[in-house]
Amino acid sequence: PIYNPKGVPLGWDGKPIPYWLFKLHGLNHFYPCEICGNESYRGRRNFETHFAEAKHSFGMKSLGIPNTKHFHGVTKIEDAQELWEKLKGQLRHDQFDGTKDEEYEDSHGNVLS
């Protein structure tokens, strides 16, 4: 058994990585994600990359929310649902409605609304 009192992760050689490297990469911080089933991610980089992974995408899909860049950094289910409702309202407002809005084409072929 290897002596590892600080719980530092093991490197490629099976020995604990140096403590300064552990602190440099921020592996002493845990970031929980409620959408992924309360999974905790060790280190900021690992946390940032998990938003593009299948587990997070599946969690968002099961909530009925698309996994877009708008939701990067959102880890709570309630926050994600609130943001999705807000975005849906904005999308409905920004969508072109042919009955209310008009489009014109100038002499250069540019479409103006």
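Given the structure is predicted, the values throughout are model-derived calculations rather than measurements.

What counts, and where the lines are drawn
Residues numbered from 1 in each chain as written. Predicted model: local features only at pLDDT ≥ 70, side-chain atom pairs only at ≥ 80, totals over all residues. Heavy atoms only, no water. Helix = DSSP H or I, 4+ residues; strand = E, 2+ residues; numbered from the N terminus. Expected span 1.5 Å × (residues − 1). Buried < 20%, exposed > 50% of the residue type's maximum accessible area, 1.4 Å probe, protein only. Arc of directions from axis to C-beta. Phe/Tyr/Trp six-rings, centres within 6.5 Å; stacked < 30°, edge-to-face > 60°. Lys NZ or Arg CZ within 6 Å of the ring centre and 35° of its normal.

Caption draft 1: Focus on helix α4 (residues 77–94). Relative to the 26 Å expected for 18 residues at 1.5 Å per residue, α4 spans 26 Å between its end C-alpha atoms, a close match to the ideal helical length. Of the residues making up α4, those classed as buried are Ala80, Trp84 and Leu87. Buried positions in α4, seen along its axis, are confined to an arc of 70 degrees and lie on one side of it. Away from the buried face of α4 by more than 90 degrees, exposed residues Glu78, Lys86, Arg92 and His93 are located.

Caption draft 2: Seen up close, the packing of aromatic side chains. In this structure the tally under the stated criterion is four aromatic pairs. Relative to Phe47, the ring of Tyr31 lies with its centre 5.0 Å away and its plane at 25 degrees, an arrangement referred to as stacked. Here Phe47 lies in helix α2 (residues 44–49) and Tyr31 lies in strand β1 (residues 30–33), a separation of 16 residues in the sequence. Members of the aromatic cluster, each reached through a chain of ring pairs, are Tyr31, Phe47 and Phe51. The lysine or arginine in question, Lys6, covers the ring of Tyr19, its NZ or CZ lying 4.1 Å from the ring centre. It is Arg44 that lies over the ring of Tyr31; its NZ or CZ is 5.2 Å from the centre.

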